[in-house]
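Residue-level listing of the chains:
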Amino acid sequence: MLGNFTYCNPTKLFFGKGALKEMRGELAKYGKNVLLVYGKGSVKRSGIYDEVVAMLKECGKEIYEDAGVMPNPTTEKLAEGCERARAANADLILAVGGGSVCDYAKAVSVSAYCGEDPWEKFFIRFEEPSGKIIPVGCVLTMVGTGSEMNGGSVITNHAQKLKIGHVFGEEVFPKFSVLDPEYTFTLPAYQMVAGFYDIMSHILEQYLSGTDDNTSDYIMEGLMRSLVHSSRIAVKNPLDYEARSNIMWTATWALNTLVAMGKDTDWEVHMLGQAVGAHTDATHGMTLAAVAPAYYRLIMPYGLHQFRRFAVNVWDVPTKGKTDEEIAEAGICAMEKWMKEIGLVMRLRDLGVTEDMLGGIAKSTLVMTGGYKVLTQEDIMQVLRESL
Ligand code: NZQ
Ligand code: ZN
């Protein structure tokens, strides 16, 4: 049965070729001072930076820059961003980049005036924002995280070996996001396919949980089928607009909070992946790909009906003469075959993990309670060992 819920997603999207021009109307809603946040330089090489700066100038904005946001943004960078936002007296934070840049912009938005250590407040104690929140807008250049239309913000604390996400409320969602599929054409293949698995993982975190008949499950099956289909095309031809645009839209759907409404969700693969990320700084989607198959095999007996459904409705696994266990296992095998086909990292050792690191990674793994099994420390170690 669907649980009760209240739903609102306040992010306005501008989607498609040339969508950036639509941002003009949004910019007019905010004051003069814009903190322009971006990563390590891809937006300069692709020319997106020049387009954005030209529009900001044309709209009479004062531009303050905050460059160098790294993949998996850190607490140190967050502190620097807060200072820059305050010094600029920013009326708008404009994030131009991937999930890391968007997540970071949201973290700066709530932290610049929070008056205390944001890591402790938001990422350890999970408190809600209490001070002024600076509005955020996004121009997305990398597809996967869904950060363009959600309140998620993931920050890494290397000293504490923790990578933690806070899912903020509506007031922190981007006010608007520009989604131009062509802006993702310059992504290296490694990042592109990591994003593809991030999308698959977001869907599975919300699909592989619960026992009820739920509209969201049917929607998610469609999203997964579309992703698998388009990803195969995109890997062969990264410039295929149809495939890349479908994937961009699937990614937004996968984590814009809609499919989670009224439904149990898991997120344990993300907890394992983020712990791996905290110890290795590896690419987010790859950390998920490396741990997911072993995790799913561990929990499969506890959610067999849904794994069977995944196999049949997403991977077209034939059922005749097979037990439910065999069908479910064939579904995971089909997913693994697709993962290898598109070029994902399938083993933790390929992300720099060594056996002696597993205990530390296990300690950094948060345990969630919404999935088919609440993991023990032994379970976590088993998944990590099998994923090595
Ligand atoms: O820094 P630059 O030079 O821009 O390069 C980036 C970066 O090296 C590059 N890139 C991005 N767009 C490009 C491009 N290179 C060429 N052409 C382009 N168009 O790609 C690299 C990765 O970028 P990043 O933003 O780190 O990737 P992603 O979008 O996967 O974001 C990962 C972060 O998002 C968090 C992850 O934990 C991780 O910290 N997540 C956020 C979520 C949310 N807000 O809901 C949920 C996710 O599960 C995820 O945890
Ligand atoms: Zn993710």
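Residues numbered from 1 in each chain as written. Chains lettered and ligands numbered in written order. Predicted model: local features only at pLDDT ≥ 70, side-chain atom pairs only at ≥ 80, totals over all residues. Heavy atoms only, no water.

Participant: It is not clear to me how the overall build of the protein chain should be interpreted in this structure. Could you clarify?
Facilitator: The secondary structure content of the protein chain amounts to 15 helices and eight strands. Relative to the compact-globule value of 21 Å for 388 residues, the protein chain shows a C-alpha radius of gyration of 20 Å, a close match. Each of the three principal axes of the protein chain carries a C-alpha extent, and together these read 70 × 45 × 45 Å. Out of the 388 residues in the protein chain, the part that is buried amounts to 59%. Nonlocal contacts in the protein chain, meaning residues at least 24 apart in sequence, comprise 79% of its contacts between residues at least 6 apart. (Helix = DSSP H or I, 4+ residues; strand = E, 2+ residues; numbered from the N terminus. Rg over C-alpha atoms; globule rule 2.2 N^0.38 Å. Buried < 20%, exposed > 50% of the residue type's maximum accessible area, 1.4 Å probe, protein only. Contact = heavy atoms within 4.5 Å.)

Participant: How do you make sense of the environment of I164 when you look at a structure like this?
Facilitator: Residue position: I164 is located in strand β7 (residues 162-167). Spatially, the C-alpha atom of I164 lies 22 Å from that of P293, the residues being 129 residues apart in sequence. With sequence-adjacent residues up to four places away left out, I164 is seen in contact with W119, F123, I124, F126, S153, V154, I155 and Q274.

Participant: Whenever I open this one, helix α7 (residues 189-207) confuses me. Can you help?
Facilitator: Given 3.6 residues to a turn, an α-helix orients residues that are three or four positions apart in the same direction. A rise of 1.5 Å per residue sets the reference length of α7, with its 19 residues, at 27 Å; its end C-alpha atoms lie 27 Å apart and thus fit the reference within 8%. The element α7 is extensively covered by neighbouring structure, given that 16 of its 19 residues are classed as buried. (Expected span 1.5 Å × (residues − 1).)

Participant: Explain the sheet that holds strand β2 (residues 33-38) here, please?
Facilitator: Sheets are built from strands paired through backbone hydrogen bonds, the pairs being either parallel or antiparallel. Reading across from one edge, β1-β8-β5-β4-β2-β3 is the order of the six strands in this open sheet, with parallel pairing throughout. The open sheet has two free edges, formed respectively by β1 (12-15) and β3 (62-66), since each of these has just one partner strand. Across the sheet, the mean angle from the axis of one strand to that of its neighbour is 20 degrees, orientation sign disregarded. The pairing of β2 with strand β4 (residues 92-97) spans five bridges and is parallel. Its bridge partner being in β4, V37 is matched across the sheet by A95. Strands in contact with helix α4 (residues 75-88) are β2 and β3; relative to β3, the strand with the most contacts, it is inclined by about 165 degrees. Sheet strands in contact with helix α9 (residues 241-254) are β1, β5 (136-140) and β8 (176-179), and its direction is about 170 degrees off that of β1. (Pairing = 2+ DSSP bridges. Axes fitted to C-alpha atoms, helices over the stretch in contact; angles between N-to-C directions.)

Participant: Whenever I open this one, the domain arrangement of the protein chain confuses me. Can you help?
Facilitator: Note: interface size is frequently given as the accessible area lost on complex formation between the parts. Segmentation of the protein chain into domains returns domain 1 (12-183) and domain 2 (189-387). Residue-level contacts link 28 residues of domain 1 with 23 residues of domain 2. Across the interface of domain 1 and domain 2, roughly 2,200 Å² is buried in total on both sides, 65% from carbon and sulfur atoms. When the buried area of domain 1 at its contact with domain 2 is split by residue, V143, K161 and K163 rank highest and sum to 25% of it. Joining domain 1 to domain 2, the criterion identifies zero salt bridges. Linking domain 1 with domain 2 are eight residue pairs in polar contact (both at pLDDT 80 or more), by the criterion used here. Elements with a contribution of two residues or more to the side of domain 1 that touches domain 2: β1, β6 (152-157) and β7. Among the elements that line the side of domain 1 that touches domain 2, the one with the most residues is β7, at four residues. (Domains from an automatic or database assignment. Buried area = accessible area lost by both parts, 1.4 Å probe. Salt bridge = Lys/Arg side-chain N within 4 Å of Asp/Glu carboxyl O. Polar contact = N/O pair within 3.5 Å; in protein donor to acceptor, adjacent residues only side chain to side chain.)

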